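Analysis of the macromolecular model
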Amino acid sequence: ETGVTQTPRHLVMGMTNKKSLKCEQHLGHNAMYWYKQSAKKPLELMFVYNFKEQTENNSVPSRFSPECPNSSHLFLHLHTLQPEDSALYLCASSQTPDGSTEAFFGQGTRLTVV
Amino acid sequence: GNSVTQMEGPVTLSEEAFLTINCTYTATGYPSLFWYVQYPGEGLQLLLKATKADDKGSNKGFEATYRKETTSFHLEKGSVQVSDSAVYFCALLDTGTASKLTFGTGTRLQVTL
């Protein structure tokens, strides 16, 4: 139990579907992150939220839409995805966004776009 | 820009063998360096870290020394166990780029009896 919970663990969706990934942290952290993990590629930072405010968007396509209603919850809304978006999506949190404190990761959502 | 290069896997070892996973980095500033481990079906967990040159991070029998002269942070363990089978990620955090952990591609370790 890492304190960061992601749901669902697995998701298969068609290219015309709309779905959402959920992340919840029980650690009292102020910063939350979305990462994309694709086979044989480095983890890619997608979004950073600090105190519910988005502080970083790493040129992510608009078909990925994050939402952070409070410091404990982070969502990633998905629509009209492409097969190349299939990957493991990891949520993480840390006390501060400057990296001076450890980042805790969730177990990830394995997304398959068909 | 920042980058991390890890040796390609998979690395297959027998139990009790010595492990080295190479990691080198490129950074514009003075980064902190990390090793994360991902067990099957799990997220990433911080294994160890070092924040300045010549620091040695250690945890669970794993060690890595921050070598500024060779820009390296190689992971070592003297005697691996089957339970160490996982994917290991080297990462850096450049103090000049807040919140951006830069990861390597990961190295899969398979330990057999």
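Residues numbered from 1 in each chain as written. Chains lettered and ligands numbered in written order. Predicted model: local features only at pLDDT ≥ 70, side-chain atom pairs only at ≥ 80, totals over all residues. Heavy atoms only, no water.

**Some thoughts on the side chain of Thr107 of chain B**
Residue and element names in this part refer to chain B. Here is the rule we go by: Every helix listed is a DSSP run of H or I at least four residues long, and every strand listed is a run of E at least two residues long, numbered separately from the N terminus. Pairs of N or O atoms are called polar contacts if they sit within 3.5 Å, as long as, within protein, a hydrogen donor faces a hydrogen acceptor (for residues adjacent in sequence, only side-chain-to-side-chain pairs). Every residue pair with non-hydrogen atoms within 4.5 Å of one another is taken to be in contact.
Relative to the helices and strands, Thr107 resides in strand S12 (residues 107-112). Within polar-contact distance, the side chain of Thr107 engages the side chain of Gln6 at 3.0 Å. When neighbours within four sequence positions are excluded, Thr107 is seen to be in contact with Gln6, Met7, Gly9, Val11, Ile21, Ala86, Val87 and Tyr88.

**What about the sheet that holds strand S8 (residues 73-79) of chain A?**
Residue and element names in this part refer to chain A. To keep it simple, the criterion reads: At least two DSSP bridges between two strands are required for those strands to pair. Angles run from 0 to 180 degrees between N-to-C directions of axes, and those axes are lines fitted to C-alpha atoms, restricted for helices to the stretch in contact.
Read from one edge of the open sheet, 4 strands run S1-S3-S8-S7, paired in antiparallel fashion. A single partner strand is all that each edge strand has here, and the edge strands are strand S1 (4-7) and strand S7 (64-70). Each neighbouring strand pair of the sheet contributes to a mean axis angle of 20°, computed without reference to strand direction. Of the pairings in the sheet, the one linking S7 to S8 comprises 5 bridges and is antiparallel in character. The residue of S8 that forms the bridge with Asn70 is His73.

**Regarding the sheet that holds strand S8 (residues 62-65) of chain B**
Residue and element names in this part refer to chain B. Taken together, the 4 strands give an open sheet; going across it, the order is S3-S9-S8-S7, and neighbouring strands pair in antiparallel fashion. Of all strands in the sheet, those bounded by a partner on one side alone are strand S3 (19-21) and strand S7 (56-59). Direction aside, the axes of adjacent strands within the sheet are offset by 15° on average. In the sheet, S3 pairs with strand S9 (residues 75-77) via 3 bridges, with the strands oriented antiparallel. The partner of Ile21 across the bridge, within S9, is Leu75.

**Observations concerning the interface of chain A and chain B**
Basically, it comes down to this: Defined here as a combined quantity, buried area equals the accessible surface (1.4 Å probe) lost by two parts on assembly, summed across both. Salt bridges are defined as contacts in which a side-chain nitrogen from Lys or Arg sits within 4 Å of a carboxyl oxygen from Asp or Glu. Residues are grouped as follows: Ala, Val, Leu, Ile, Met, Phe, Trp, Tyr, Cys and Pro are nonpolar; Asp, Glu, Lys and Arg are charged; every other residue, Gly included, is polar.
In this complex, chain A contributes 23 residues to the contact, which on the side of chain B involves 18 residues. Taking both partners together, chain A and chain B bury about 1600 Å²; carbon and sulfur atoms supply 55% of that area. The tally of links between chain A and chain B comes to 0 salt bridges. At the surface where chain A touches chain B, the tally comes to 3 residue pairs in polar contact (both at pLDDT 80 or more). Among the elements of the structure, strand S4 (31-37), strand S5 (44-50) and strand S9 (87-94) of chain A are those that each provide at least two residues to the side of chain A that touches chain B. Residues of the side of chain A that touches chain B, tallied by class, amount to 11 nonpolar, 6 polar and 6 charged.

**Points about the state of the cysteines**
Residues and elements named next belong to chain A. Here is the rule: By disulfide we mean two sulfur atoms from cysteines, separated by a distance within 2.5 Å. Exposure classes here rest on a 1.4 Å probe applied to the protein chains alone. A residue is buried below 20% of its type maximum, exposed above 50%, and partly exposed in between.
Taken as a whole and assessed by the stated rule, the structure comprises 2 disulfides over all chains. One disulfide bridge connects Cys23 with Cys91, the sulfur atoms lying 1.9 Å from each other. The chirality of the disulfide connecting Cys23 with Cys91 is left-handed, given an S-S dihedral of about -75°. Here Cys23, found in strand S3 (residues 18-25), pairs with Cys91, found in strand S9; they are 68 residues apart in sequence, far enough to count as distant. With a relative accessible area of 0%, Cys23 lands in the buried category. Unpaired in this structure, Cys68 has its nearest cysteine sulfur neighbour in Cys91, at a distance of 9.0 Å.

**Remarks on the nonpolar core**
Selection criterion: Take the buried Ala, Val, Leu, Ile, Met, Phe, Trp, Tyr and Cys residues and link them wherever side-chain atoms come within 4.5 Å; each set so joined is a nonpolar core.
In terms of nonpolar packing, the biggest core is built from 26 residues, with Leu19, Trp35, Leu47, Leu48, Phe73, Leu75 and Tyr88 of chain B touching the most fellow members. Of all the secondary-structure elements, those providing two or more residues to this core are strand S2 (11-14), S3, strand S4 (23-26), strand S5 (32-38), strand S6 (44-50), S8, strand S10 (86-93) and S12 of chain B. The leading source of residues in this core is S10 of chain B, at 4 residues. Each residue touching Phe73 of chain B, except ones within four places of it in the same chain, is listed here: Cys23, Leu33, Phe34, Trp35, Leu48, Lys49, Ala50, Ala64, Thr65, Tyr66 and Cys90 of chain B. Within the second largest apolar cluster, 22 residues are counted, among which are Met46, Tyr49, Phe64 and Leu76 of chain A.

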